[in-house]
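Coordinate inspection notes
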Amino acid sequence: KCLVLKVKNKAPAEVQITAEQLLREAKERELELLPPPPQQKITDEEELNDYKLRKRKTFEDNIRKNRTVISNWIKYAQWEESLKEIQRARSIYERALDVDYRNITLWLKYAEMEMKNRQVNHARNIWDRAITTLPRVNQFWYKYTYMEEMLGNIAGARQVFERWMEWQPEEQAWHSYINFELRYKEVDRARTIYERYILCIRLCCNWIKYARFEEKHGYFAHARKVYERAVEFFGDEHMDEHLYVAFAKFEENQKEFERVRVIYKYALDRISKQEAQELFKNYTIFEKKFGDRRGIEDIIVSKRRFQYEEEVKANPHNYDAWFDYLRLVESDAEAETVREVYERAIANVPPIQEKRHWKRYIYLWVNYALYEELEAKDPERTRQVYQASLELIPHKKVRLPLVFCSRHIRVLPLWLVKPFKLETILGDIERARAIYELAISQPRLDMPEVLWKSYIDFEIEQEETERTRNLYRRLLQRTQHVKVWISFAQFELSSGKEGSLAKCRQIYEEANKTMRNCEEKEERLMLLESWRSFEDEFGTVSDKERVDKLMPEKVKKRRKVQADDGSDAGWEEYYDYIFPEDAANQPNLKLLAMAKLWKKQQQEKEAGEQDPDKDIAESESGPSCSC
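Remember, predicted model here, so these are calculated numbers, not experimental data.

**A word on the packing of helix H24 (residues 465-478) against helix H25 (residues 482-494)**
- Packing of H24 against H25 leaves a shortest axis separation of 10 Å and a crossing angle of 165°. Between H24 and H25, the interaxial angle falls into the category roughly antiparallel. The element H24 and its partner H25 pack so that their crossing is left-handed. Note on element contacts: H25 touches H24 through Val484, Trp485, Ser487, Phe488, Phe491 and Glu492, opposite Thr465, Thr468, Arg469, Tyr472, Arg473, Leu475 and Leu476.
- Each residue belonging to the contact of H24 with H25 can be placed in one class, and the counts come to 7 nonpolar, 3 polar and 3 charged.

In structure tokens:
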């Protein structure tokens, strides 16, 4: 009878052994490693022939099993080469090329074998077949030209390069050809290659390289001509700012500073703002090095003009952008340029006949008329502008607030008349004041601070002190800006009336009390500094000490910085101001005072330790007596 063993415990073992673990242990213990075959020494020709026969049979069997594995063919050919069987090796390479003629490594190994064995014509034949079969493989061309150059066959290398260039290869191939000619001092040939190169690969950087090549070899007139041709070749549509920058730097090296300015200005007029950042940067650096203040201001104006041009191109009906643009050109440009911008602006007629659209548009016409009258001094053109505006406005559908001026028969919107010209235009103080009141009551103003200042200056010129004071109070109800408080205090000081110092000090005290809750601590500090300057000139010692006690302590702090994507970007240091009047900051001040006291004590202690002779002298002389 057969005994059947029964497994009593069928539960899984506590320690599980995986197949991966078994393989790892086998590898570590080297269980499957076979000992190397014994070395065989060949003593006669018969044994050598037998060895060759067996080895060739092994290679042939491997090839027969898988013909597409090119590494087997290469190993076979290299083995034959090691035995100096060059003809057999050639045969193997040729058989391999019949299997896969697109294999780059196969061609390279074949040609290298011929070059190693000084079979130059065979190598030329292989390279020629390779570049004919696979003309887009640059490695073949590089190897072929290098071999011919090393053999001293310069004409042959040049011929290979010419065949290569007919395929219009990448940039590095052209540079290799140019460097080849320069190695043999053939500058004219290199120039001819550059001419073909810039027309084959039409990039601005290639024209820059060509110009720098001419500059490097001292042909400055040729270099300038290349830059000028490049500007004409690419035109305005495909222009790159780097070409203008390179052109300008070339002229800068030639000390042609006026040419540099012309190039930068020409480029800024034709390249959009987003694509001209590098241009602006280099132009600014140039003016700082060789220009004057006027040149730097021109750069700033040009940059702002670029910005406004982009805004009005994006939205031609953005009349606020046109107003900003017109203010800029009026302050700097010539009359014809200003008129051109005005004509472009008024050409953008509102598409809908509604008051809210025409309310802003009509201001363009009014400003245009005022410019012709007050700045250009051309009454006839002023009449033409007013007449054209009256013919264009659809009065039956759009009703605008109007005011009639006594000097001319014309119509103006109420508050857009320039305030600082009103008293001259109207010749009536009460009427001018009424228009100012209407102007500041408007809900939207282009530059409200200019209007309020003009109104205040107007009342000061009329010596209306109380009216001016009331204007300041009304303005402070709208804004608590520190400059308004300082201007108010300076007005009280300059009034020259009795009690002006006390009123000025009262304004400063009121401003300081109001700005205690201001988040902008720099503005509060600006107020205290202005107050201290006032007390230094007009106040007593106690007044000065009082303001000094209000001055803040400047402390350095750290805060976290977040990147644009919300991630943590580390820490940054910044300065904060702690004002003694702020009750919330009292603990900080006490802590700061204690830290300063401790630091002072530490410095005194270190000074005593560094000068023991002084302590000994003091101890020998006895304690000092204080009266």
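That covers the picture; the talk isn't over yet.
**A short note on the state of the cysteines**
- This structure, assessed with the given rule, holds 0 disulfides.
- With no disulfide of its own, Cys204 has Cys205 as its nearest cysteine by sulfur position, at a separation of 7.6 Å.
- Taking relative accessible area as the criterion, Cys204 reaches 8% and is therefore assigned buried.

**Some thoughts on the packing of aromatic side chains**
- In total, this model carries 34 aromatic pairs according to the counting rule given.
- Considering the side-chain rings of Tyr342 and Tyr368, the 4.8 Å spacing of their centres and the 5° angle between planes classify their relative orientation as stacked. You can see Tyr342 sitting in helix H18 (residues 335-346) and its partner Tyr368 sitting in helix H19 (residues 355-375), a full 26 residues away along the chain.
- Ring geometry for Phe534 versus Phe538: centroids 5.5 Å apart, planes at 40°, classification tilted.

**Here we look at the environment of Tyr244**
- Checked against the element boundaries, Tyr244 lands in helix H13 (residues 241-253).
- For the pair Tyr244 and Tyr264, spaced 20 residues apart in sequence, the C-alpha separation works out to 7.0 Å.
- In this structure Tyr244 touches Val231, Met239, Ile263, Tyr266, Ala267, Ile271 and Leu279, once residues within four positions along its chain are discounted.

**Some thoughts on unusual backbone geometry**
- Positive phi, close to 65°, is recorded for Lys84, a residue that is not glycine.
- Relative to the helices and strands, Lys84 resides in the loop between helix H3 (70-82) and helix H4 (86-99).
- Take Lys84: its relative accessible area is 64%, and that puts it in the exposed class.
- At Arg118, a residue that is not glycine, the phi angle is positive and equals roughly 60°.

**Examining the UniProt feature "coiled-coil region" (unreviewed entry) in the protein**
- Here, the residues flagged by UniProt with the feature "coiled-coil region" (unreviewed entry) are residues 501-528.
- This span, residues 501-528, is 79% helix and 0% strand, and a straight line between its end C-alpha atoms measures 16 Å.

**Describing the nonpolar core**
- Core analysis: the largest hydrophobic core is formed by 78 residues, its most contacted members being Phe140, Tyr227, Leu243, Tyr244 and Leu279.
- If one sorts the elements of this core by residue count, H13 sits on top with 7 residues.
- In this structure, Trp365, Ile393, Phe534 and Tyr577 belong to the second largest nonpolar core, which totals 66 residues.

**So, helix H11 (residues 204-216)**
- Across its 13 residues, H11 extends 18 Å between first and last C-alpha, which sits within 8% of the 18 Å expected from 1.5 Å per residue.
- Inspection of H11 places Cys204, Asn206, Trp207, Ile208, Tyr210, Ala211, Phe213, Glu214 and Glu215 among the buried residues, and these make up the whole buried set.
- As for H11, its buried residues are in contact with helix H9 (171-183), helix H10 (187-200), helix H12 (220-234) and H13.
- Among the residues trailing H11, Gly218 stands out with phi positive, at a value near 85°.

**A short note on the side chain of Arg90**
- Here Arg90 shows up in helix H4.
- Ignoring any residue separated from it by four or fewer positions in sequence, one finds Arg90 in contact with Tyr110, Met113, Glu114, Gln119 and His122.

**A few points about the side chain of Arg505**
- Summarising the element assignment, Arg505 is placed in helix H26 (residues 500-514).
- At a separation of 2.8 Å, a polar atom in the side chain of Arg505 contacts the side chain of Glu535.
- Ignoring anything within four residues of it in the chain, the contact list for Arg505 reads Trp531, Phe534, Glu535, Gly539 and Asp543.

**A closer look at H12**
- Over its 15 residues, H12 extends 21 Å from the first C-alpha to the last, a length consistent with the 21 Å expected when each residue adds 1.5 Å.
- Turning to H12, its buried residues number three or more, namely Ala223, Arg224, Val226, Tyr227, Ala230, Val231 and Phe234. Down the axis of H12, the sector holding all buried residues measures 155°, keeping them to one side. Away from its buried face by more than 90 degrees, H12 exposes Ala221 and Glu232.

Calculation rules
- Residues numbered from 1 in each chain as written.
- Predicted model: local features only at pLDDT ≥ 70, side-chain atom pairs only at ≥ 80, totals over all residues.
- Heavy atoms only, no water.
- Axes fitted to C-alpha atoms, helices over the stretch in contact; angles between N-to-C directions.
- Helix = DSSP H or I, 4+ residues; strand = E, 2+ residues; numbered from the N terminus.
- Parallel < 35°, antiparallel > 145°, perpendicular 65-115°, else oblique.
- Left-handed = near helix turned anticlockwise from the far one by under 90°.
- Contact = heavy atoms within 4.5 Å.
- Nonpolar A, V, L, I, M, F, W, Y, C, P; charged D, E, K, R; others polar.
- Disulfide = S-S within 2.5 Å.
- Buried < 20%, exposed > 50% of the residue type's maximum accessible area, 1.4 Å probe, protein only.
- Phe/Tyr/Trp six-rings, centres within 6.5 Å; stacked < 30°, edge-to-face > 60°.
- UniProt positions renumbered as here; feature names shortened; annotations may be inferred.
- Core = buried A, V, L, I, M, F, W, Y, C linked by side-chain atoms within 4.5 Å.
- Expected span 1.5 Å × (residues − 1).
- Polar contact = N/O pair within 3.5 Å; in protein donor to acceptor, adjacent residues only side chain to side chain.
- Arc of directions from axis to C-beta.

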